[in-house]
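Read off the chains here:
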Amino acid sequence: MTARPANAHQARLLRLLRDGGPTSRAQLGDWMDLSRSRLAVEVDRLLDTGLVIADGLAASRGGRRSHNIRLAPTLRFLGVDIGATSVDVAVTNAELEVLGHVTQPMDVREGPVAVFEQVLAMAAKLRGSGVAEGFDGAGIGVPGPVRFPEGVPVAPPIMPGWDGFPVREALSQELGCPVMVDNDVNLMAMGEQQAGVARSAKDFLCVKIGTGIGCGIVVGGEVYRGTTGSAGDIGHIQAERDGRPCACGNRGCLEAYFGGAALARDAEAAAREGRSAELAARLEAAGSLAATDVAAAASAGDAAALDLIRDGGTRTGQVLASLVSFFNPGLVVIGGGVTGLGHNLLAAIRTQVYRQSLPLATGNLPIVLGELGAVAGVIGAARLISDHLFSPA
């Protein structure tokens with residue numbers, strides 16, 4: 001993709017077509033505050049660039065039938081969602097529909113070179129499947145703060161070797177296309193906003209509970225990143241004074257008590273101390289435990305597993321209660337790998353938020369599980385790069 005919109009009107013047209021699919025000129029005229037002649041000029045200029053194509057005649061609205069316009073069907077975006085323990089890579093079309101998706105286990109602590117070798121191999125696998133000959137742009141999510149203008153991770157606590165690594169520049173050279181980089185939780189929020197449970201929300205929080213805990217903050221439909229890219233790092237809000245040591249160097253952080261890593265540690269302790277026969281059997285069989293084991297044990301009615309989930313949900317809800325009173329969102333979305341714990345976790349979070357937050361803030365506040373699961377991040381990554389490319393150069 002070499003062409004870019006020449007002005008704000010063309011950029012808005014591209015985003016309307018991305019989000020709404022093939023649309024008639026007449027419908028675009030209803031949505032755009034432009035005269036018919038000016039709209040025709042801007043659409044024709046976009047047709048000349050190849051970014052959009054004519055797509056047949058639209059249904060009649062009582063007069064002369066209008067032509068449908070759609071984004072070029074050959075456009076392809078690569079979405080990469082790097083987590084602490086796995087990586088998801090997907091290809092989408094210009095309307096952000098997932099055409100191919102692969103996921104693999106991966107340890108982000110291996111460093112950027114090893115991780116990106118794996119990412120590039122996965123991207124090549126998708127190209128080989130025939131869903132894309134090449135990529136017009138790529139969005140990348142990483143599990144730590146990002147200095148957004150430069151596309152560089154900044155002091156990520158669980159990512160040794162990543163601080164200051166030029167992710168955007170390095171991958172742009174390897175892929176041969178523009179690249180944008182953001183925090184993985186922000187991309188999950190953008191994915192749920194694009195195609196999931198937050199489609200109609202303008203002001204919402206999207207909490208990702210995976211190996212750690214983070215929060216995407218969307219204000220007026222736009223992700224809020226903060227001055228240095230660390231907005232939403234709620235895993236390092238203190239949940240208990242002088243509590244457990246955390247990987248960030250402080251004590252008592254929420255992440256030290258909940259999230260995949262803390263949950264696995266506490267589950268193994270419960271198994272070894274004889275508090276859960278179910279977890280003990282799983283530990284003996286596998287040698288280690290994960291959040292999925294806790295979910296399975298809870299489904300079997302194991303009391304210790306249920307207590308671990310409720311305790312983690314309660315602590316998370318206590319932190320969220322303060323955020324809800326402060327921010328007054330219209331929606332809270334809970335996502336990430338640990339959401340396999342399901343409605344036991346959601347119930348504990350809801351109980352604390354509804355009990356502790358201001359009634360005015362919670363009176364009509366839905367707190368729901370995300371709809372998209374593992375594809376939320378890759379759809380958000382594709383949305384990120386499309387937002388960039390569908391902006392005036």
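Numbers given to residues run from 1 along each chain, matching the order in which its sequence is written. Confidence filtering applies because this is a predicted model: local features only for residues at pLDDT of at least 70, side-chain atom pairs given and counted only at 80 or more, and all residues used for totals across whole chains, interfaces and linings. In computing side-chain properties, one takes all heavy atoms of the structure into account and sets aside hydrogens as well as water.

## Examining unusual backbone geometry
Of note, the phi angle at Leu 96 is positive, near 65°, even though the residue is not glycine. Its location among the elements puts Leu 96 in the loop between strand E5 (86–92) and strand E6 (98–105). Here Ala 155, not a glycine, exhibits a phi torsion of approximately 45°, which is positive. In DSSP terms, a helix is any run of H or I states spanning at least four residues, a strand is any run of E spanning at least two, and both are numbered starting from the N terminus.

## A short note on the sheet that holds E5
Two strands make a pair as long as DSSP finds a minimum of two bridges between them. Pairing is mixed across the open sheet formed by five strands, whose spatial order is E6-E5-E4-E7-E10. Looking along the sheet, the strands with just one partner apiece sit at the ends: E6 and strand E10 (179–183). Ignoring strand direction, the axes of neighbouring strands in this sheet form an average angle of 15°. Looking at chain direction, E5 and E6 are connected through seven bridges and run antiparallel. Opposite Val 89, over in E6, you have Val 102 as the bridge partner. To define axes, lines are fitted to C-alpha atoms, for helices over the stretch in contact only, and angles between the resulting N-to-C directions are given on a 0 to 180 degree scale.

## Brief notes about the packing of helix H8 (residues 260–272) against helix H9 (residues 277–286)
At their nearest, the axes of H8 and H9 sit 8 Å apart, and the two run at 105° to each other. As far as their axial angle goes, H9 and H8 are roughly perpendicular. Two secondary-structure elements touch here, H8 through Ala 267, Glu 268, Ala 270, Ala 271 and Arg 272 and H9 through Leu 279, Ala 280 and Leu 283. By the convention adopted, Pro, Cys, Tyr, Trp, Phe, Met, Ile, Leu, Val and Ala count as nonpolar, Lys, Arg, Asp and Glu as charged, and the other residues, Gly among them, as polar. Residues of the contact of H8 with H9, tallied by class, amount to six nonpolar, no polar and two charged. Geometric relationships in this document are graded by angle, where less than 35 degrees denotes roughly parallel, more than 145 denotes roughly antiparallel, 65 to 115 denotes roughly perpendicular, and other angles denote oblique. Note on definitions: a residue-residue contact is assigned when non-hydrogen atoms from the two residues lie within 4.5 Å.

## Quick word on the packing of aromatic side chains
To pair, rings of Phe, Tyr and Trp, with the six-membered ring standing in for Trp, must have centres within 6.5 Å; the planes then decide the type, stacked if under 30 degrees apart, edge-to-face if over 60, and tilted in the middle. Overall, the coordinates contain three aromatic pairs when judged by the stated rule. Ring geometry for Phe 77 against Phe 390: centres 6.1 Å apart, planes inclined by 65°, an arrangement best described as edge-to-face. Of this pair, Phe 77 sits in strand E4 (residues 77–82) while Phe 390 sits in the segment after helix H14 (375–389), and the two are 313 residues apart along the sequence. Judged by its relative accessible area of 0%, Phe 77 falls in the buried class. The buried label applies to any residue whose accessible area, calculated with a 1.4 Å probe on protein chains only, is under 20% of its type's maximum; exposed applies above 50%, and partly exposed to all values in between. On the accessibility criterion, Phe 390 (0% relative accessible area) is buried. Three or more aromatic residues link up through ring pairs in this structure, and these residues are Phe 116, Trp 162 and Phe 165. We count a charge as sitting over a ring when the NZ of a lysine or the CZ of an arginine lies within 6 Å of the ring centre and within 35 degrees of the ring normal. The ring centre of Phe 148 lies 3.7 Å from the NZ or CZ of Arg 225, which sits over that ring. The ring centre of Tyr 257 lies 4.1 Å from the NZ or CZ of Arg 315, which sits over that ring.

## Topic: the environment of Thr 85
Note that Thr 85 resides in the loop between E4 and E5. Take Thr 85: its relative accessible area is 52%, and that puts it in the exposed class. With 22 residues separating them in the primary sequence, Thr 85 and Asp 107 have C-alpha atoms 4.7 Å apart. Setting aside residues up to four positions removed in sequence, Thr 85 forms contacts with Pro 105, Met 106 and Thr 211.

## Some points on the domain arrangement of the chain
Looking at the assigned domains, one finds that the chain contains domain 1 (8–71), domain 2 (77–193 + 375–390) and domain 3 (200–370). Centre-to-centre separation of domain 1 and domain 3, based on C-alpha positions: 44 Å. What marks off one domain from the next here is an automatic or database domain assignment.

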